[in-house]
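Spelled out, the chains give:
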Amino acid sequence: MRADAVVGGRTSRVLTVLGPLELKARFIRYIMTMPQASVRVTELTWGEYGEHVDAGGIVILPVGSTEQHGHHLPLATDTLIATRLAELVATDLGAVVAPALGYGFRSQPETGGGEAFPGSTGISGATLAMLVCDVVMSLAAGGATRIIVLNGHYENASFIVDGVERAVDVGHRTPPRVLVARWAPFVGPQTLARMSSNRNIDWSREHAGVAETSLLAALCPELVRPVTERARVAPAPKPYQAFPQPSTRPAHDGLLAPAGDASAELGQAMIEDVVTGLARAARVEFGME
Ligand SMILES: [Zn+2]
């Protein structure tokens with residue numbers, strides 16, 4: 001919901017019942033007292049939100065994690081990336097962004113460093129699937145007919161799909177249309193080529209590496225600490241997983257891919273790819289073209 005969309009919509013309704021002078025005075029009063037229009041559901045009233053979904057407006061649900069991201073990125077990195085990208089996509093589409101789900105599937109040693117790092121706080125896949133299912137069902141019950149679930153934590157992917165499938169299969173005569181997306185597949189080949197050491201990027205191990213560090217440097221620069229020399233190397237992957245997970249922290253700092261080539265400029269190029277690509281996909285899938 002953009003500011004111009006909100007003002008435009010309400011102005012046209014007022015025009016139908018008021019004369020020009022009274023309209024002008026009321027409109028000026030309205031503009032002077034109107035709070036800043038927001039894409040954040042948390043900052044809307046129920047009436048503003050209801051107006052949005054009644055008009056077929058899109059609701060974006062970011063899903064992230066609370067997980068270590070090395071010494072240079074915060075624990076909420078995945079949630080912050082999903083939320084900020086969702087807000088930019090929402091601005092492009094005239095959508096709104098629901099409160100993010102800030103806990104994700106448990107950190108795994110080969111894709112997120114594992115649970116032994118202080119602060120990595122995960123939930124089971126079954127819990128995540130039911131959480132996504134409940135929230136999507138509740139959004140639909142509240143009038144949302146077009147929903148995007150934007151995932152920022154690689155390991156969440158299948159559990160989000162499970163939750164969304166349950167939500168659209170169960171209890172709906174007319175289920176909402178739901179897009180499930182990760183940001184990574186929208187990063188285009190030209191931008192990937194700029195990640196010099198990551199031309200054949202392995203997204204499953206792109207954890208606190210050049211991609212996430214660049215994105216956060218562009219989206220929340222105040223939260224990015226200096227990238228150390230140790231962050232220029234990454235541990236070799238194991239081609240298997242062993243359980244139970246180790247209870248002691250591994251020798252590395254928490255990065256699974258090098259972050260040395262990260263930059264805000266690269267992050268900005270990634271943002272443009274993701275926002276353009278996801279907004280285009282939404283217009284196609286929601287029949288807005
Ligand atoms: Zn991450």
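What counts as what
- Residues numbered from 1 in each chain as written.
- Predicted model: local features only at pLDDT ≥ 70, side-chain atom pairs only at ≥ 80, totals over all residues.
- Helix = DSSP H or I, 4+ residues; strand = E, 2+ residues; numbered from the N terminus.
- Buried ≥ 20, exposed ≤ 12 C-beta atoms within 10 Å, placed from the backbone.
- Contact = placed C-beta atoms within 7 Å.
- Pairing = 2+ DSSP bridges.
- Axes fitted to C-alpha atoms, helices over the stretch in contact; angles between N-to-C directions.
- Parallel < 35°, antiparallel > 145°, perpendicular 65-115°, else oblique.
- Left-handed = near helix turned anticlockwise from the far one by under 90°.
- Nonpolar A, V, L, I, M, F, W, Y, C, P; charged D, E, K, R; others polar.
- pLDDT = per-residue confidence, 0-100.
- Expected span 1.5 Å × (residues − 1).
- Arc of directions from axis to C-beta.

**Structural notes on the overall build of the protein chain**
In terms of regular secondary structure, the protein chain is built from nine helices and four strands. Ordered by position from the N terminus, the helices and strands of the protein chain form the series α-α-α-β-α-β-α-β-α-β-α-α-α. When the 289 residues of the protein chain are sorted by exposure, 43% land in the buried category. In the protein chain, of all internal contacts separated by at least 6 residues, the share reaching a separation of at least 24 is 78%.

**Looking at the sheet that holds strand β4 (residues 177–182)**
Strand pairing in a sheet relies on backbone hydrogen bonds. The paired strands run either parallel or antiparallel. Read from one edge to the other, the open sheet built from four strands follows the order β2-β1-β3-β4, with strand pairing classed as parallel. Looking at strand neighbours, the two that pair on one side only are β2 (96–97) and β4, the edges of this open sheet. In this structure, strand β3 (residues 146–151) lies alongside β4, joined through six bridges in parallel fashion. Bridging from a neighbouring strand, Leu150 pairs with Ala181 of β4.

**What about the packing of helix α4 (residues 77–93) against helix α8 (residues 210–219)?**
Where α4 meets α8, the axes come as close as 10 Å, and the angle between the chain directions of the two elements is 60°. By the angle class used here, α4 and α8 are oblique. For the element pair α4 and α8, the recorded crossing hand is left-handed. Where α4 abuts α8, its residues Thr77, Leu80, Ile81 and Arg84 lie against Glu212, Leu215, Leu216 and Leu219. Residues belonging to the contact of α4 with α8 are distributed by class as follows: five nonpolar, one polar and two charged.

**Examining the confidence of the model for the protein chain**
Per-chain confidence: the protein chain averages 88 in pLDDT, with 85% of residues scoring 70 or above. When the criterion is pLDDT under 50, residues 1–19 qualifies, and its contacts beyond four places in sequence or with other chains add up to 20 contacts.

**Brief notes about helix α9 (residues 264–285)**
The end-to-end C-alpha distance of α9, which contains 22 residues, comes to 31 Å, matching closely the 32 Å that a straight helix rising 1.5 Å per residue would cover. Along α9, the residues that are buried comprise Leu266, Gly267, Ala269, Met270, Ile271, Val274, Val275, Leu278, Ala279 and Ala282. Each element contacted by the buried residues of α9 is listed here: β1 (58–63), α4, β3, β4, α7 (189–194) and α8. Where α9 terminates, the next one or two residues include Gly287, which has phi positive at roughly 65°.

**Some remarks on the packing of α8 against α9**
Interhelical geometry of α8 versus α9 gives an angle of 90° and a closest axis separation of 7 Å. On the basis of the axis angle, α8 is roughly perpendicular to α9. Listed contacts from α9 to Ala211, Ser214, Leu215, Ala217, Ala218 and Leu219 of α8 are Ala264, Leu266, Gly267, Gln268, Met270 and Ile271. Partitioned by chemical class, the residues of the contact of α8 with α9 number nine nonpolar, three polar and no charged.

**Re the pairing of β1**
Looking along a regular strand, one sees the side chains alternate between the two faces of the sheet. Here β1 lies mainly inside the structure; six of its six residues are buried. Residues Ile58, Ile60 and Pro62 line one face of β1 and the alternating positions Val59, Leu61 and Val63 line the opposite face, and both faces are buried. The sheet contact formed by β1 and β3 spans six bridges and is parallel. Across the sheet, residue Pro62 finds its bridge partner in β3, namely Leu150. Pairing of β1 with β2 involves two bridges; the strand directions are parallel.

**Regarding helix α3 (residues 46–54)**
Within the sequence span of α3, burial applies to Tyr49, His52 and Val53. Buried residues of α3, viewed axially, fall in a sector of 90°; they line one side. With respect to the buried face of α3, the exposed residues turned more than 90 degrees away are Gly47 and Asp54.

**A word on unusual backbone geometry**
The omega angle of the peptide bond from Phe243 to Pro244 is 0°, so this bond is cis rather than trans. With respect to the element layout, Pro244 can be found in the loop between α8 and α9. The phi torsion at Ala208 lies on the positive side, around 65°, for a residue other than glycine.

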